[in-house]
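# Analysis of the macromolecular model
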Amino acid sequence: MFAISGALAAGRKSLDWLGVAVIAVVTALGGGTVRDVLLDRHPIVWIAHPEFLIVCLAATALTLLYVHLRIPAFRALFVADALGLSFFTIGGVQVAEMSGLSGLLALLMGLITGVVGGVARDVLLAEIPLILRRGQLYASAAIVGAALYLVLERAGTPRDAAAIAGMATIALVRFAAIVWRLELPVLTVEDDEPSIRPSDT
């Protein structure tokens, strides 16, 4: 999903096929790479499992083919990104748990896994990262879903069921934010310096 969102975002910037592949791979594997570095997990996930890289490139190729056959809907990027965020966030929490972390640190590692790839994609494409845009509930959705997963798991819910609930929550919150423009309260700090007009000088 993240590879598809990266390929679509790169296509909207009219990158060549190599550029599209680079952005897709960075989007898909960036968060997991940073997580593994922070957890001192070696080899890094896509080096230990090169099939992940192959899947990313295959998803990129299929996206290129699809775009040539028909114009994707504008919201296709956001839908793919929402699904990728849900999968990667919960997967990141589970990896952190297997590394011995729990609670807040596991949630943080899930958040890093879910959002860093998208941040890298947007930075490379000279866009304001989704995580910083108003009306997106991007990181907030990941936090809510990861927290729900951890709470359910500690309450005795089977791990797979808790993971599905967490992923569904992340995706639903993201879709709701996209459709209804939901957003967190905004902090506005007024400038206390008086404005100087050219006529005042």
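See above for the structure.
As the structure is a computational prediction, the values presented were derived from the model and not from experiment.

### Structural notes on a nonpolar patch on the surface
On the surface, Trp46, Ile47 and Phe52 cluster together into a nonpolar patch covering about 270 Å² of accessible area. Positionally, phenylalanine 52 belongs in helix H4 (residues 51-69).

### Topic: the pattern of salt bridges
Taken as a whole, this structure holds nine salt bridges when the rule is applied. Among the ionic pairs, glutamate 127 bridges to arginine 133, the shortest N-O distance being 3.9 Å. With relative accessibility at 34%, the residue glutamate 127 sits in the partly exposed group. When salt bridges that share partners are traced, they join Glu97, Glu153, Arg154 and Arg159 into one network.

### Remarks on the packing of helix H7 (residues 138-154) against helix H8 (residues 159-180)
Packing of H7 against H8 brings their axes to within 8 Å, and their N-to-C directions diverge by 160 degrees. Taken together, the axes of H7 and H8 lie roughly antiparallel to each other. Pair H7 / H8 crosses with right-handed handedness. For the pair H7 and H8, the contacting residues are Tyr138, Ala141, Ala142, Val144, Gly145, Ala146, Leu148, Tyr149, Leu152 and Glu153 in the first and Arg159, Ala162, Ala163, Ala165, Gly166, Thr169, Ile170, Val173 and Arg174 in the second. Residue classes in the contact of H7 with H8 are distributed as 13 nonpolar, three polar and three charged.

### A few points about H7
For H7, which comprises 17 residues, the first-to-last C-alpha distance of 25 Å matches the rise-based estimate of 24 Å (1.5 Å per residue) to within 8%. All of the buried residues along H7 are Tyr138, Ala139, Ala141, Ala142, Gly145, Ala146, Tyr149 and Leu150. Taken end-on, H7 shows its buried residues confined to a sector of 160 degrees, consistent with a single buried face. The inward-facing, buried residues of H7 contact helix H1 (2-12), helix H5 (76-98), helix H6 (103-124) and H8.

### Concerning the side chain of threonine 63
The residue threonine 63 is located in helix H4 in this model. Owing to a relative accessible area of 7%, threonine 63 belongs among the buried residues under this scheme. Apart from the residues lying within four places of it in its own chain, the contact partners of threonine 63 are Ile4, Ala7 and Leu8.

### A closer look at H5
Over its 23 residues, H5 extends 33 Å from the first C-alpha to the last, a length consistent with the 33 Å expected when each residue adds 1.5 Å. Directly beyond the C-terminal end of H5, a positive phi value near 100 degrees is found at glycine 100.

### Concerning the packing of aromatic side chains
Counted according to the given criterion, the structure contains one aromatic pair. Note on phenylalanine 2 and phenylalanine 88: the rings are 4.8 Å apart at their centroids and 55 degrees apart in plane angle, and the pair reads as tilted. Residue phenylalanine 2 is found in helix H1, and its partner phenylalanine 88 is found in helix H5; the two are separated by 86 residues along the sequence. Relative accessible area serves as the criterion here: at 1%, phenylalanine 2 is assigned to the buried category. A relative accessible area of 26% means that phenylalanine 88 is categorised as partly exposed.

### A short note on unusual backbone geometry
Residue proline 43 is bonded to the preceding histidine 42 through a cis peptide linkage, with omega at -5 degrees. By secondary structure assignment, the location of proline 43 is in the loop between helix H2 (17-39) and helix H3 (45-48). The backbone of serine 14 shows a phi angle near 60 degrees, a positive value even though the residue is not glycine. Structurally, the position occupied by serine 14 is in the loop between H1 and H2. According to the relative accessible area criterion, serine 14 is exposed, its value standing at 64%.

### Notes on the nonpolar core
Counting residues in hydrophobic clusters, the biggest one holds 42 residues, and the most contacted among them are Ala3, Ala28, Cys56, Leu85, Val93, Tyr138 and Tyr149. For this core, the elements supplying multiple residues, two or more each, are H1, H2, H4, H5, H6, H7 and H8. Excluding its chain neighbours within four sequence positions, the residues that come into contact with valine 93 are Ala106, Leu107, Gly110, Ala146, Tyr149 and Leu150.

Cut-off values and rules
- Residues numbered from 1 in each chain as written.
- Predicted model: local features only at pLDDT ≥ 70, side-chain atom pairs only at ≥ 80, totals over all residues.
- Heavy atoms only, no water.
- Patch = residues over 30% accessible without salt bridge, like charges linked within 9 Å, V, L, I, M, F, W, Y side chains within 5 Å.
- Areas by Shrake-Rupley, 256 points an atom, 1.4 Å probe, with all protein chains shown as cover.
- Salt bridge = Lys/Arg side-chain N within 4 Å of Asp/Glu carboxyl O.
- Helix = DSSP H or I, 4+ residues; strand = E, 2+ residues; numbered from the N terminus.
- Buried < 20%, exposed > 50% of the residue type's maximum accessible area, 1.4 Å probe, protein only.
- Axes fitted to C-alpha atoms, helices over the stretch in contact; angles between N-to-C directions.
- Parallel < 35°, antiparallel > 145°, perpendicular 65-115°, else oblique.
- Left-handed = near helix turned anticlockwise from the far one by under 90°.
- Contact = heavy atoms within 4.5 Å.
- Nonpolar A, V, L, I, M, F, W, Y, C, P; charged D, E, K, R; others polar.
- Expected span 1.5 Å × (residues − 1).
- Arc of directions from axis to C-beta.
- Phe/Tyr/Trp six-rings, centres within 6.5 Å; stacked < 30°, edge-to-face > 60°.
- Core = buried A, V, L, I, M, F, W, Y, C linked by side-chain atoms within 4.5 Å.

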